[in-house]
Amino acid sequence: MKRILTVFAILTVLTGNAFGQENDSPYETSLKVDAPIIAAGMGLSYYGLTLMQDKEGLTEEEAMTQSKDEVNRFDRFSAGWHSESAKKTSDFPFYGSFAVAPALMLLNDNIRGKAGQVFVLYLETMSITGALFTMANGIVPRDRPLTYSPEVELSEKTRANAQNSFYAGHTAASAAASFFAAKIFHDFNPDSPARPYVWAAAAAVPATVGYLRLRAGKHFLSDNILGYAMGAAAGILVPQLHKKTNTTNISLVPFSGRYYSGAQFTYTF
């Protein structure tokens, strides 16, 4: 997470002049609206990270007396799973998902000219995703599935990190990045026959990450489902709320006056 936050900070510097690049773009961005959202998201992400690190782990007695019966029936099947190879393998699609959006901007002519604005939306998407995940994870302790395995070292079970099962951050982040890239491609290329394949790839990447994190004993199935849903929602909704023409009856319109500025959120039904 620290490495991701560092990347966000670098992107903020690189895209400082990207607000307002709206000609021939389906999106509308505003420095007065988007910059505070990004800053708040990054700030909450950092604060949530400190909460995660300050959690109290299981005591040795608690770790030694755990029972799978304590886990709800929906998630119980994976209690005790622990695969180091699955954990390592999950890093490949996880980190790879963050390269999808930049790759699209470099390879797609329609997007490349608006790379700065797209980076701003990407930064906003990931900062919101990070804030939601770290705050939820920092506030809600939940034993990881691996803590129920007799093969896992006691020192691993009693770490604060072993309480970070709820919810799946790797799955959420990869879903946000992948679905964001698909949404951007969809909106910039309305006539492209590749759109269904792009969406299919966007759905497959975080699903793969979630499965591997499940096998690794890092998260239960419910943690991964929630992480997938939260990430996908952020990846789709942030660009959608910035569209000039919003066909879902949802709009986020920046406004300003002599003594005020802000944004108007509207849902028409």
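Whatever comes next refers back to the structure up there.
What this report covers is the structure whose coordinates are included nearby. Owing to the predicted nature of the structure, the values given are computational and were not obtained by experimental measurement.

## Points about the packing of helix 4 (residues 84–97) against helix 10 (residues 195–215)
To describe two helices that pack against each other, one gives the angle between their axes and the distance between the axes.
Line of reasoning, step 1. Contact pair helix 4 / helix 10: the axes reach a minimum separation of 8 Å and the direction vectors enclose 160°. Comparing the axis directions of helix 4 and helix 10 gives the class roughly antiparallel. Here helix 4 and helix 10 pass one another in a crossing that is left-handed. Each of A86, K87, T89, S90, P93, F94 and S97 in helix 4 lies in contact with helix 10, whose residues at this interface are V205, T208, V209, L212, R213 and R215.

## Remarks on unusual backbone geometry
Line of reasoning, step 1. For the peptide bond that leads from F166 to Y167, omega is -15°, which places it in the cis range.
Line of reasoning, step 2. With respect to the helices and strands, Y167 occurs in the loop between helix 8 (154–157) and helix 9 (169–188).

## Some thoughts on the pattern of salt bridges
Line of reasoning, step 1. Applying the stated criterion across every chain yields a total of seven salt bridges.
Line of reasoning, step 2. A salt bridge links D75 to R142; the shortest N-O distance between them is 2.9 Å. With D75 in the loop between helix 3 (60–64) and helix 4 and R142 in the loop between helix 7 (115–139) and helix 8, the pair connects residues that are 67 residues apart, well separated along the chain.
Line of reasoning, step 3. Since its relative accessible area comes to 0%, D75 is described here as buried.

## A word on the packing of aromatic side chains
Line of reasoning, step 1. Here the structure, examined in full by the defined rule, presents ten aromatic pairs.
Line of reasoning, step 2. The interplanar angle of 80° and the centroid separation of 5.0 Å between the aromatic rings of F94 and F98 together place this pair among those described as edge-to-face. Residues F94 and F98 agree in their burial class; the two are buried.
Line of reasoning, step 3. Here the aromatic residues F94, Y95 and F98 are joined through ring pairs into a cluster of three or more.
Line of reasoning, step 4. Sitting over the ring of W81, R215 keeps its end group 4.1 Å from the ring centre.

## Points about helix 2 (residues 31–53)
Line of reasoning, step 1. Across its 23 residues, helix 2 extends 33 Å between first and last C-alpha, which sits within 8% of the 33 Å expected from 1.5 Å per residue.
Line of reasoning, step 2. Along helix 2, the positions that sit buried rather than exposed are V33, D34, I38, G41, M42, S45, G48, L49 and M52.

## As for the packing of helix 7 against helix 9
Line of reasoning, step 1. Relative to each other, helix 7 and helix 9 sit at 155°, their axes nearing to 10 Å. Relative to helix 9, the element helix 7 lies roughly antiparallel. Where helix 7 crosses over helix 9, the two elements pack in a sense that is right-handed. Counted together, V118, L121, Y122, T125, M126, T129 and F133 of helix 7 and G169, A172, A173, A176, A177, F180, I184 and F188 of helix 9 form the full contact between these two elements.

Parameters at a glance
- Residues numbered from 1 in each chain as written.
- Predicted model: local features only at pLDDT ≥ 70, side-chain atom pairs only at ≥ 80, totals over all residues.
- Heavy atoms only, no water.
- Axes fitted to C-alpha atoms, helices over the stretch in contact; angles between N-to-C directions.
- Helix = DSSP H or I, 4+ residues; strand = E, 2+ residues; numbered from the N terminus.
- Parallel < 35°, antiparallel > 145°, perpendicular 65-115°, else oblique.
- Left-handed = near helix turned anticlockwise from the far one by under 90°.
- Contact = heavy atoms within 4.5 Å.
- Salt bridge = Lys/Arg side-chain N within 4 Å of Asp/Glu carboxyl O.
- Buried < 20%, exposed > 50% of the residue type's maximum accessible area, 1.4 Å probe, protein only.
- Phe/Tyr/Trp six-rings, centres within 6.5 Å; stacked < 30°, edge-to-face > 60°.
- Lys NZ or Arg CZ within 6 Å of the ring centre and 35° of its normal.
- Expected span 1.5 Å × (residues − 1).

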